[in-house]
Every structure is written in structure tokens, then in C-alpha cells.
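Breakdown of the fold
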Amino acid sequence: MDHWPLHDLVLRTPRLDLRPDDDEGLVELAGLALDGIHPPERMPFGVEWTDVPRDRLGLNTLQHYWRERSMLSPQRWTVNFIVRLDGRVTGVQSLGADDFPVRREVTSGSWVGLRHQGRGIGTEMRAAVLAFAFDHLGAVAARSSAFDDNLASHAVSRKLGYRPDGTFTQVRRGESAQQTRLLVTPATFRRPDWALSVAGVTPCLPLLTGRQPAE
């Protein structure tokens, strides 16, 4: 018996495979992080995790994803999908929720290795988890946010139908910076011209949605 319900979950787009993180994939993902995610003069993340010393970045990356994987429950979960193109890890796309059985809302976050950027991968992988959340988990809303100067992230959001949903400020590298909250629903989601293929979802439903699959 396989005690890990996410073991066989996979989302497939025309180019990409998205699978929940496993240790082999995380080793490759940590190497990708060490190769660079953003120019050093910019910080696109609300948590400045890439600013740690290089000799800590790989270990910190592994520990972060291990911690999130160990804490999954219907009350609070984050599934970190490792994204592969032609069998190679190109980034990670997260999908998370708090109290999903009641709220039925998800959040997302992502990054793509610097050498893989500019190829539409970020749009394709976020479209994949939105389609998964709306069509397979029954989500009624998906939320995200981005710093106002993160133009690439905002471009992806616009393509997929997100709408502004307020702003907030936070300290980024010692200075105040504004983020815009973003919201997309099944009605406003601009679906891609391809259909998402999903396998292995049924065993995951009790953990992610709190409900048993239909007989």
C-alpha cells in the first residue's frame, strides 16, 4: 500500500509535466536555484530566500520543501509541483490553501530558472494548476500577489484573467515596496487553447479537499 496519496499525481500540458516534489526532483531543483532565478539587483519574492549565502541556498531549498510536504492536511496545504520540460527541471509551481473544505480558495506562487525564462513556461504552468484547482478540486477562487515592479509576473496574471484585488506594502531589502493582490475565478479564468491532462487525482482528494471521492 502506498501511504503517500500524491505519489502518482501528475498534471500534463502540451510541453510540461508537473508532479508534486520528491527528493530526486528537489536535488535538481536546488541546483537550478544555485544557477540563478533573478538578477541579483532585483528581488521578486516576498520572502527574500535567495539572498542567503550560496553555501546555504541548496540546503535551505531542500528543507523548505520537505517542511511544507510534511505538514499537508485538509486544513492547510501547499503542493509544490516540480515542473519539467523534456525531462529537465525548469522550476516549481506551488498551489496552496487554508481551510479549503470551507473556503474553497487557493493561492499560487512559482519560479522558473533564469536560463528557462522568456519561453512562456511560467504562463503554461500556472494555467495548469488553475485548471486543476477549478476543474478537479472545485475551487471557487484563486489568489496571488506580486510586487508592482515584477512586470513578468503581472503579464502572466493578465493573460490568465486575474484582476487587481487591492494592494499592500511590505519591507523589501530594507525599503517599502508595494504589492498588488490578484484574483481569478472560474468565470474570469482565460483558459489556454489546450486541455490539461490529469492522472492520480482521486487518492489526493481526501487530503486536499477533505472529501472522499465519489463511489
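**Quick notes on empty space enclosed by the protein**
Tallied over the full model, the rule gives one cavity of 30 Å³ or more. As for the largest cavity, its lining consists of W4, L6, P20, D21, R69, L72, T78, V79 and N80. When residues of the lining of the largest cavity are assigned to their parent elements, the largest contribution, three residues, is made by strand β3 (residues 76-85). A per-class count over the lining of the largest cavity returns five nonpolar, two polar and two charged.

**Examining the packing of helix α1 (residues 23-35) against helix α2 (residues 54-70)**
Contact geometry for α1 and α2: axes closest at 9 Å, N-to-C directions at 140°. Comparing their axes, α2 and α1 come out oblique. Between α1 and α2 the crossing geometry is right-handed. Packed against α1, whose contacting residues are D23, L26, V27, L29, A30, A33 and L34, the element α2 presents R54, L57, G58, T61, L62, Y65, W66 and R69 at the interface. Residues of the contact of α1 with α2, tallied by class, amount to ten nonpolar, two polar and three charged.

**Describing the nonpolar core**
Counting 42 residues, the largest nonpolar core has L18, W77, F81, L95, V106 and F132 as the members making the most contacts within it. If you list the elements that add at least two residues to this core, you get β2 (16-20), β3, β4 (88-98), β5 (105-112), α4 (121-137), α5 (151-160), β8 (175-184) and α6 (205-209). Sort the elements by how many residues they give to this core and α4 lands first, with eleven residues. Look past the residues within four positions of L18 in its chain and what remains in contact with it is L9, V10, L11, T13, F81, I82, V83, Q93, M125, A128 and V129. Within the second largest apolar cluster, 14 residues are counted, among which are L26, A33, L62 and V89.

Rules used throughout
- Residues numbered from 1 in each chain as written.
- Predicted model: local features only at pLDDT ≥ 70, side-chain atom pairs only at ≥ 80, totals over all residues.
- Heavy atoms only, no water.
- 1 Å grid on protein atoms, 1.4 Å probe; cavity = no way out; pocket = protein on both sides within 12 Å on 5 of 7 lines; lining within 4 Å.
- Points joined across faces, edges and corners; volume = space filled by probe spheres on them.
- Helix = DSSP H or I, 4+ residues; strand = E, 2+ residues; numbered from the N terminus.
- Nonpolar A, V, L, I, M, F, W, Y, C, P; charged D, E, K, R; others polar.
- Axes fitted to C-alpha atoms, helices over the stretch in contact; angles between N-to-C directions.
- Parallel < 35°, antiparallel > 145°, perpendicular 65-115°, else oblique.
- Left-handed = near helix turned anticlockwise from the far one by under 90°.
- Contact = heavy atoms within 4.5 Å.
- Core = buried A, V, L, I, M, F, W, Y, C linked by side-chain atoms within 4.5 Å.
- Buried < 20%, exposed > 50% of the residue type's maximum accessible area, 1.4 Å probe, protein only.

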